[in-house]
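# Examining the three-dimensional arrangement
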Amino acid sequence: MNTPVYDFLKEYEKSGTARLHMPGHKGRMMLGPESLDITEIRGADSLYEACGIIAESEENASTLFGSLATAYSTEGSTQCVKAMLCLAAGFNGQEGPLLLAARNAHKSFVYGAAFLDARVRWLYGEENMGLCGCRITPKALESALKEAYRAGEKPAGVYVTSPDYLGNMCDIKGLSEVAHRYGTLLLVDNAHGAYLHFLEKPVHPLDLGADICCDSAHKTLPVLTGGAYLHVSKGTAGRQGIQNREEAYRLAKQALAVFGSTSPSYLTLASLDLCNEYLENKAKDELKDTVKRLDALRESIKEAGYRILPTDPLKVTLDLRGLKTAVPAGKDLEYEFYDGEFMVFMFTGNNTERDFALLKNLLCSGERPQYGTFEHLPVPAAKAVTTIRKGILAQSERIPSKDSAGRICAAPTVSCPPAVPVVFPGEEVSADAVAVMQKYNIETISVIKDGRG
Ligand SMILES: Cc1ncc(COP(=O)(O)O)c(C=O)c1O
């Protein structure tokens with residue numbers, strides 16, 4: 001597999017060309033990578049009008065993932081989620097498209113929905129997994145779709161997050177079959193699962209019937225922060241104005257351009273480009289080995305007495321609900337996420353033997369964990385008073401969250417990570433939501449000024 005973006009940058013670095021263009025560092029080292037950090041000079045292509053080396057590299061990625069079209073982002077899934085909603089809405093001028101969405105949506109979904117003035121019907125999971133988890137079953141989706149159609153509405157898309165921040169995975173195959181039976185699209189926030197296509201048994205959303213999905217390459221692949229993919233699946237051809245590869249690619253670019261900077265990072269583009277080589281030559285073996293080692297590690301952790309959540313293969317998620325003994329805290333390692341109930345560790349093939357050993361040592365050689373009973377945090381039900389868009393655009397004030405019951409949320413109220421809002425813009429804050437905000441140490445909330453929608 002060739003690496004046209006990286007090769008161009010290396011040639012340019014060697015050429016000694018006078019850099020009479022942006023960026024201002026002119027290739028001189030401060031951090032280290034400046035000599036490869038360029039702008040859209042001649043021959044370097046242009047991310048949102050790509051027809052040269054970037055387009056070639058994206059086509060390589062598309063071939064590797066088996067998509068109809070794949071477009072790069074240098075601004076993460078945050079950009080791709082918003083673009084995905086635009087693609088689903090179909091650029092057809094429809095006002096206020098209806099979206100069915102799992103409630104654990106990342107805040108980028110909120111901004112995308114506000115842009116489209118989408119109406120959102122929330123779907124709730126059957127198990128209580130706090131703020132991050134919301135596993136929607138095909139059966140639950142079917143009844144939500146039936147209800148929408150009974151009311152004479154055709155949703156532009158169904159939106160789920162899988163894997164979520166804890167590593168919970170949805171039955172994407174089952175959900176896509178239901179969505180397609182009802183003539184709508186399945187959109188997957190796969191920010192945490194870029195690697196899933198390269199497992200021995202591929203389980204990437206594209207492999208399982210999803211129509212459009214986004215992957216944060218930087219979360220689980222060797223890519224610089226911000227590197228992400230927006231994929232359109234082969235099965236989507238013929239729907240939503242997406243006729244063929246060219247059309248899917250053009251529309252994906254158009255949607256990404258709405259939300260992207262006109263100065264994308266060539267360093268991130270080059271790392272996405274080089275990642276293609278990694279995916280072709282190394283990813284499968286490296287993942288096979290890492291997954292095997294993680295399976296063994298999880299077994300040891302379970303034997304040591306910890307409860308572990310079933311997750312996507314690269315996460316180790318401790319279920320600490322009801323833990324009576326001390327929460328594990330090692331000084332030489334850093335977890336990805338801890339919210340008082342779950343602790344998440346993320347691995348890839350770039351973790352060393354020492355990393356595995358440190359986690360094993362932390363969890364398997366200390367005091368044996370003891371669990372008692374626990375009370376579930378409530379999952380606050382949405383009570384929309386106005387639309388997400390009106391909520392976000394309204395005049396707002398910041399008040400203590402403990403005093404916010406009954407007020408209407410203006411900006412999304414989140415702690416980051418996981419950046420999953422407790423209350424969404426335009427919704428009335430419930431007593432349950434106040435309890436959850438207290439739990440997540442969210443001390444203030446933005447509400448509509450006079451409390452009316
Ligand atoms: C589920 C989920 N979706 C989307 C995002 C946004 O991804 P990015 O950081 O690549 O913009 C995140 C970030 O953590 C996430 O956890």
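Source: prediction; values computed, not measured.

### Some words on the overall build of the protein chain
A tally of regular secondary structure across the protein chain gives 13 helices and 13 strands. Its C-alpha atoms give the protein chain a radius of gyration of 23 Å, within 12% of the compact-globule value 22 Å for 453 residues. The principal-axis extent of the C-alpha atoms belonging to the protein chain is close to 65 × 60 × 45 Å. Burial statistics for the protein chain: of 453 residues in total, 55% are counted as buried. Once local pairs closer than 6 in sequence are excluded, the contacts in the protein chain between residues at least 24 apart make up 71%. On the protein chain, roughly 19400 Å² of surface is accessible, and the fraction owed to carbon and sulfur atoms is 50%. Of the side chains in the protein chain, 49 bear a positive and 56 a negative charge, and the two mean positions are spaced by 3 Å.

### Remarks on the sheet that holds strand β7 (residues 228-232)
If you walk across this open sheet you meet the seven strands as β1-β7-β6-β5-β4-β2-β3, and the pairing is mixed. Edge positions in the sheet fall to β1 (69-73) and β3 (119-123), since each of these pairs with one other strand and no more. Along the sheet, successive strands turn relative to each other by an average axial angle of 20°, direction set aside. Across five bridges, strand β2 (residues 98-102) lies against β3 in parallel orientation. Residue pairing across strands places L98 opposite R119, the latter belonging to β3. Those strands touched by helix α8 (residues 245-259) are β1 and β7, and its axis lies near 20° from that of β1.

### Notes on the pattern of salt bridges
Evaluation of the coordinates by the stated rule reveals 22 salt bridges. A salt bridge links E127 to R135, with the nearest nitrogen and oxygen atoms 3.0 Å apart. Salt-bridge contacts for K331 lead to D332; the nearest nitrogen and oxygen are separated by 3.6 Å. With a relative accessible area of 46%, D332 lands in the partly exposed category.

### Some remarks on the nonpolar core
In this structure, F109, L221, Y229 and L279 are the most contacted members of the largest nonpolar core, which totals 119 residues. Per-element accounting of this core gives the leading share, nine residues, to helix α3 (residues 76-89). Two domains each donate at least three residues to this core, and these are domain 1 (4-281) and domain 2 (284-364). Core analysis: the second largest hydrophobic core is formed by 16 residues, L377, V422, V436 and I442 among them.

### Structural notes on the sheet that holds strand β11 (residues 342-346)
Read from one edge of the open sheet, four strands run β8-β9-β11-β10, paired in antiparallel fashion. Either end of the sheet is taken by a strand with one partner, and the two such strands are β8 (307-308) and β10 (337-338). Summarising the sheet, strand β9 (residues 315-319) and β11 pair through five bridges and their orientation is antiparallel. Its bridge partner lying in β11, L318 is registered against M343. Across the face of the sheet, helix α10 (residues 283-303) comes into contact with β8 and β9 while running at roughly 15° to β9.

### Things to note about the pairing of β9
For β9, the buried fraction is high: five of the five residues fall into the buried class. Every second residue of β9 is oriented toward a common face, with K315, T317 and D319 on one face and V316 and L318 on the other, all of them buried. Examined bridge by bridge, β8 and β9 share two bridges and lie antiparallel to one another. Each bridged residue has a counterpart across the sheet, and for R307 the counterpart in β9 is D319. Here β8 folds back onto β9, and the loop between the two strands holds six residues.

### Concerning the packing of aromatic side chains
In total, this model carries twelve aromatic pairs according to the counting rule given. Ring plane angle 85° and centroid distance 5.1 Å describe the contact between F65 and F198, whose orientation is recorded as edge-to-face. You can see F65 sitting in helix α2 (residues 53-65) and its partner F198 sitting in the loop between β5 (185-189) and β6 (212-215), a full 133 residues away along the chain. Given the relative accessible area of 1%, F65 is considered buried. Aromatic side chains F347 and F356 sit 4.6 Å apart centroid to centroid with 40° between the ring planes, which places their arrangement in the tilted category. Grouping residues by exposure puts F347 and F356 together as buried. The structure contains a cluster of three or more aromatic residues connected by ring pairs, namely F65, Y72, F198 and Y229.

### Side note on the site of the ligand
Close to the ligand lie G76, S77, T78, H106, T161, Y165, D189, A191, H192, S216, H218 and K219, which account for all nearby residues. One of the side-chain nitrogen or oxygen atoms of S216 is found 2.7 Å away from an oxygen atom of the ligand. In the model, an oxygen atom of the ligand is placed 2.7 Å from a nitrogen or oxygen of the H218 side chain. The fraction of the free accessible surface of the ligand (390 Å²) that becomes covered by protein chains is 86%. Counting only elements with at least two residues in the shell around the ligand, the list comes to α3 and α7 (217-220). Looking at the shell around the ligand residue by residue, the class counts come to two nonpolar, eight polar and two charged.

What counts, and where the lines are drawn
Residues numbered from 1 in each chain as written. Predicted model: local features only at pLDDT ≥ 70, side-chain atom pairs only at ≥ 80, totals over all residues. Heavy atoms only, no water. Helix = DSSP H or I, 4+ residues; strand = E, 2+ residues; numbered from the N terminus. Rg over C-alpha atoms; globule rule 2.2 N^0.38 Å. Buried < 20%, exposed > 50% of the residue type's maximum accessible area, 1.4 Å probe, protein only. Contact = heavy atoms within 4.5 Å. Areas by Shrake-Rupley, 256 points an atom, 1.4 Å probe, with all protein chains shown as cover. Lys, Arg positive; Asp, Glu negative; His and termini not counted. Charge placed at Lys NZ, Arg CZ, Asp CG, Glu CD. Pairing = 2+ DSSP bridges. Axes fitted to C-alpha atoms, helices over the stretch in contact; angles between N-to-C directions. Salt bridge = Lys/Arg side-chain N within 4 Å of Asp/Glu carboxyl O. Core = buried A, V, L, I, M, F, W, Y, C linked by side-chain atoms within 4.5 Å. Domains from an automatic or database assignment. Phe/Tyr/Trp six-rings, centres within 6.5 Å; stacked < 30°, edge-to-face > 60°. Near = heavy atom within 4 Å. Polar contact = N/O pair within 3.5 Å; in protein donor to acceptor, adjacent residues only side chain to side chain. Nonpolar A, V, L, I, M, F, W, Y, C, P; charged D, E, K, R; others polar.

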